[in-house]
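Chain residues, written in single-letter form:
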Protein chains: 2
Amino acid sequence: MALIVQKYGGTSVADLEKIRNAARRIKASHDNGDQVVVVVSARAGVTNRLIRDAKSLQAEPDGREMDLLLTVGEQETMALTAMALHALGVSAVSRTGAQAGIFTDSAHTRARIRKISGGDLREQLDQGNVVIVAGFQGISEEGQVTTFGRNASDLTAVALASALNAETCQILTDVDGVFTADPRLIPEARKIEEISYDEMLELAGAGSKVVQSRAVEFAKNYGIELVVRSSFNNNPGTVVKEEVASMEDVAVRGVALEKDQAKVVLSNVPDIPGTAAKLFQVLAEDEINVDMIVQNIGRAGKANVTFTIAVEDTYRAERAVHRWIEEVGAKSKVSIIDQIAKVSVVGVGMRSHTGVAATMFTALAEAGVNIQLISTSEIKISVAIDLAKAEEACRVVHSAFQLAREAPSP
Amino acid sequence: MALIVQKYGGTSVADLEKIRNAARRIKASHDNGDQVVVVVSARAGVTNRLIRDAKSLQAEPDGREMDLLLTVGEQETMALTAMALHALGVSAVSRTGAQAGIFTDSAHTRARIRKISGGDLREQLDQGNVVIVAGFQGISEEGQVTTFGRNASDLTAVALASALNAETCQILTDVDGVFTADPRLIPEARKIEEISYDEMLELAGAGSKVVQSRAVEFAKNYGIELVVRSSFNNNPGTVVKEEVASMEDVAVRGVALEKDQAKVVLSNVPDIPGTAAKLFQVLAEDEINVDMIVQNIGRAGKANVTFTIAVEDTYRAERAVHRWIEEVGAKSKVSIIDQIAKVSVVGVGMRSHTGVAATMFTALAEAGVNIQLISTSEIKISVAIDLAKAEEACRVVHSAFQLAREAPSP
């Protein structure tokens, strides 16, 4: 008898028929003698609708009210999932984040988990009940409902798996696992059998949406093995785990694409120590996430600074940059280009394989894709390119590293 | 400075524009210097959708899960209403039933209020905040979310008004107040300025849906004056209050119609003491609400028993009656007629005016409406009639008591 945590994403509980399907799957695990904790997301589309409603009432809704609003999505799914299990004769109870003892700090809409008591989950499991927990939410020490940010039901699942010492944590979604590239763009992309936490983190940071970054980070820190698989079939999925030596055999594990990027170019920046630091401080104060950064020295002690941001932050970034220009008394010019995409290759094998960057850049050059910015980490190379070339760039890079299904292993 | 409770029904918060309208109204009271507690219902249609979803998963969903599911409707409205107030520059916080300290027993989906602590409502009001409370819900001593049954946000409002010693409790809805008859059926129906709790209770029991019965009962027991008015205009509305002598000047305050009734006719019932009691006991065990009851003695010590029920209970009532037949070994025949309506006239003036029944029955007879059952209370006369004649019956009775707008006072 094992204790397993299963997380069902929004598309896996999108409508009543899909909720019934999830229930049948949960029943199979329960019939198998396992103790099952289920974490559910809001039905696909619900959270977006609630956010749209809130923003149409107020541009920047109060965080506390936003959390009370958003948590209704998961609460709805958890109760309906319990009912679907009851209909199959499975005894099940649902628990909100608060009832499951998920305690957080008070940072509404982006709370961090402080402690998980588990509430009466153990007791319920020992009585033979399936327990369904509403994802993405907890309760602050002041007794206020909090949420962890978008797609954070993964985090609830991993954190509960850790708190309850679960044997396995399954992330059930609408795809068969983690792929060498987005299969909607590149149909010959291959499912990855095993991937290390670090690779998964880099892929998530590079635009792959399969598992939320914070959940992977949590899983890494607490050594929770994740299985990412489809809720609609019984294919084995992808295991996300500690790095093992054989993982370095492959130079590149996968290719990720992030659209909706913008590039901010600042020319004529005074090349004085601390000036750029001040710029990124101002951006951080406004909670603008800066991704790639490049600085180069121009003429006469003036530098150019270029960085990328999410396109939705464009307006706020522009305001922040102008505030910085006034504060430091610079005569910098700002230009923002918003049709940008980021293509990345990720793999722990980069550490031991040489020529990965050369292979990538050559492939892009041959396809006529102009590289605007480059940034690298130990196991990742990212390039910013014109959005119009994004999908083609993915395809040529994917093919250059022979990641396709039919290709022989490199 | 007064403390007022305003309750907005589902049609008054049906969409974002209506929520904005409610917020403007709340702001007006707040600007006026009043302390305002707002109770909100789920947006019109939401509760029905949730119930439909639940029942499509399971014929009789678990009460606890049902309550967790249904409360999302009010939670959504309360957060959106707070945001709409923020957008108008009004400081406001929302509270769930649990956060407002509304403690109930554990009877899920039909919980009764045990105690109201008010949580931090007083403190919030004293700080100048409007407090928005989710209607129709509370928390049991075991910490489980409970609900009070359909349309029970009125009850939340009245109970909070009592607990907080509010000066007035306004029930804001989509009609101008309580009318002498349903204005959708009888356009010349007149708005009632003042009505006693007892009349209001009889009207609610007789099918008028303007204010929930339990809320009126609670208001009566604790002497809370209710003002029923439209959220879409500034017309004065109807005051529901203690009976005063002048209320007896009018014989009939209003006419109510309840459709969706069924009549169960049992013939050949053994005329032995306790037999009928046993029948209604069996019906009560199955939670079937019996309304009008008539019994008469037939031949040879056999009685006929006729009673009315809500048409939705027909199937369950039939099963219960057959169980009773087996248990008492009767040879009764059962027939159920489901196209029945109930027309009632209500007024405290009936106590001192004579001939009310005669006027009503004559009007019906002249219109060719056959009376199938009659039941009376001190201040009400109800008749069961053929559903097809229901609206005409209302019209002729309304006119017989000269209740129309243009008529001279009786």
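A brief look at the structure comes next. All figures in this text were calculated on a predicted structure; none of them were measured in a lab.

Mapping chain A onto chain B calls for a screw motion: a turn of 180° about the axis and a shift of 0.1 Å along it, with 0.1 Å RMSD after fitting. Taken together, the rotation and translation relating the two chain copies correspond to the operation of a two-fold axis. Taking C-alpha positions as the reference, the residue of chain A nearest the rotation axis is A:Val72, at 2.6 Å. Same-surface contact between copies: 100% of interface residues of chain A are shared with the interface of chain B.

Extensive coverage of helix H6 (residues 197-205) of chain B is indicated by the burial of seven of its nine residues. Taken from the residues just after H6(B), B:Gly207 is the one with a positive phi, measuring 120°.

Turning to the sheet that holds strand S7 (residues 137-140) of chain A, a few remarks are in order. Residues and elements named next belong to chain A. With mixed pairing, four strands are arranged side by side in an open sheet as S5-S4-S7-S8. The open sheet terminates on both sides in strands that have one partner only, identified here as strand S5 (113-116) and strand S8 (145-147). In this sheet, adjacent strand axes meet at a mean angle of 45° when their direction is disregarded. Here strand S4 (residues 102-104) runs beside S5; their pairing, made up of three bridges, is antiparallel. Paired with Thr 104 across the strands is Ile 113, a residue of S5. The strands that helix H3 (residues 63-87) touches are S7 and S8; relative to S8, the one it contacts most, it runs at about 75°. Set on the sheet, helix H5 (residues 153-163) makes contact with S4, S5 and S7; between it and S5 the angle comes to about 40°.

The next point concerns the pattern of salt bridges. Here the idea is simple: oppositely charged side chains can pair when their charged atoms come close. A complete count under the given rule lists 58 salt bridges over all chains for this structure. A salt bridge links A:Asp53 to A:Arg49; the shortest N-O distance between them is 3.6 Å. With a gap of four residues between them, A:Asp53 and A:Arg49 both fall in helix H2 (residues 46-57), about one helical turn apart. A relative accessible area of 10% places A:Asp53 in the buried class. Looking at A:Arg49, the relative accessible area reads 26%, which means it is partly exposed. We note a salt bridge from B:Arg20 to B:Glu17, for which the minimum N-O separation is 2.9 Å. Here B:Arg20 and its partner B:Glu17 are both found in helix H1 (residues 16-31), three residues apart, which amounts to about one turn of the helix. On the basis of relative accessible area, B:Arg20 is assigned to the partly exposed category, the value being 24%. Given the relative accessible area of 43%, B:Glu17 is considered partly exposed. Here the salt bridges do not stand alone but share partners, grouping A:Lys278, A:Glu285, A:Asp286, A:Arg323 and A:Glu327 into one network.

Most peptide bonds adopt trans geometry, and most residues besides glycine take a negative phi value. Residue and element names in this part refer to chain B. Although it is not a glycine, Thr 109 adopts a positive phi angle of roughly 70°. Structurally, the position occupied by Thr 109 is in the loop between strand S4 (102-104) and strand S5 (113-116). By relative accessible area, Thr 109 is classed as partly exposed at 30%. Here the phi dihedral of Asn 268 falls at roughly 60°; this positive angle occurs in a residue that is not glycine. Assignment of secondary structure puts Asn 268 in strand S13 (residues 254-270). Given the relative accessible area of 30%, Asn 268 is considered partly exposed.

Another aspect to go through is the pairing of strand S12 (residues 238-241) of chain B. Moving residue by residue along a regular strand, the side chains alternate between the two faces of the sheet. All names here are of chain B. The alternating pattern of S12 places Thr 238 and Val 240 and Val 239 and Lys 241 on opposite faces, both of which are buried. Here strand S11 (residues 226-230) runs beside S12; their pairing, made up of three bridges, is antiparallel. Bridge pairing in S12 links Val 227 to Val 239.

Residues and elements named next belong to chain B. With antiparallel pairing, the six strands of this open sheet are ordered in space as S14-S15-S13-S16-S18-S17. The sheet is open, and its two edges are formed by strand S14 (290-297) and strand S17 (373-377), each paired on a single side. For this sheet the average axis-to-axis angle between neighbouring strands, irrespective of direction, equals 30°. Relative to strand S15 (residues 302-310), S14 runs antiparallel, the two sharing six bridges.

This next bit is on the interface of chain A and chain B. Listed as interface residues are 37 residues of chain A and, on the opposing side, 37 residues of chain B. Carbon and sulfur atoms supply 58% of the area that chain A and chain B bury against each other, a total of about 3,000 Å² over both sides. If you sort the residues of chain A by the area they bury against chain B, A:Leu57, A:Glu65 and A:Met83 come out on top, with a joint share of 24%. Seen at the junction of chain A and chain B, the total is four salt bridges. For B:Asp53, the salt bridge is made with A:Arg43, and the minimal N-O distance between the two is 3.1 Å. Across the contact surface, chain A and chain B share 14 residue pairs in polar contact (both at pLDDT 80 or more). Counting only elements with at least two residues in the side of chain A that touches chain B, the list comes to helix H1 (16-31), H2, H3 and strand S3 (92-95) of chain A. Counting residues per element, the side of chain A that touches chain B draws most heavily on H3(A), which supplies 17 residues. Across the side of chain A that touches chain B, the residue classes tally to 18 nonpolar, ten polar and nine charged.

This next bit is on the side chain of B:Gln58. Within the element layout of this structure, B:Gln58 appears in the loop between helix H2 (46-57) and helix H3 (63-87). Looking at B:Gln58, the relative accessible area reads 17%, which means it is buried. Those residues within four positions of B:Gln58 in sequence are excluded, and the remaining contacts are A:Met83, A:His86 and A:Ala87.

Moving on: the environment of A:Ile340. All names here are of chain A. Mapped onto the elements of the fold, Ile 340 is located in strand S16 (residues 333-346). Its relative accessible area of 1% is what places Ile 340 among the buried residues. Considering only alpha carbons, one finds Ile 340 and Pro 236, 104 residues apart in sequence, at a separation of 35 Å. Beyond its immediate sequence surroundings of up to four residues, Ile 340 is in contact with Lys 259, Asp 260, Gln 261, Ala 262, Lys 263, Gln 372, Ala 384, Ile 385 and Leu 387.

Here the structure, examined in full by the defined rule, presents four aromatic pairs over all chains. Judged by centre distance (5.5 Å) and plane angle (75°), the ring pair of A:Phe280 and A:Phe307 falls under edge-to-face. Residue A:Phe280 is found in helix H8 (residues 275-285), and its partner A:Phe307 is found in strand S15 (residues 302-310); the two are separated by 27 residues along the sequence. Ring plane angle 25° and centroid distance 4.6 Å describe the contact between B:Phe218 and B:Tyr222, whose orientation is recorded as stacked. Of this pair, B:Phe218 and B:Tyr222 both sit in helix H7 (residues 213-222), four residues apart, which is roughly one turn of that helix. The class of B:Tyr222 is exposed, set by a relative accessible area of 52%. The ring of A:Phe103 carries A:Lys115 above its face, with NZ or CZ at 4.9 Å from the centroid.

The rules we used
- Residues numbered from 1 in each chain as written.
- Chains lettered and ligands numbered in written order.
- Predicted model: local features only at pLDDT ≥ 70, side-chain atom pairs only at ≥ 80, totals over all residues.
- Heavy atoms only, no water.
- Least-squares fit on C-alpha atoms with pLDDT ≥ 70 in both.
- Contact = heavy atoms within 4.5 Å.
- Buried < 20%, exposed > 50% of the residue type's maximum accessible area, 1.4 Å probe, protein only.
- Helix = DSSP H or I, 4+ residues; strand = E, 2+ residues; numbered from the N terminus.
- Pairing = 2+ DSSP bridges.
- Axes fitted to C-alpha atoms, helices over the stretch in contact; angles between N-to-C directions.
- Salt bridge = Lys/Arg side-chain N within 4 Å of Asp/Glu carboxyl O.
- Buried area = accessible area lost by both parts, 1.4 Å probe.
- Polar contact = N/O pair within 3.5 Å; in protein donor to acceptor, adjacent residues only side chain to side chain.
- Nonpolar A, V, L, I, M, F, W, Y, C, P; charged D, E, K, R; others polar.
- Phe/Tyr/Trp six-rings, centres within 6.5 Å; stacked < 30°, edge-to-face > 60°.
- Lys NZ or Arg CZ within 6 Å of the ring centre and 35° of its normal.

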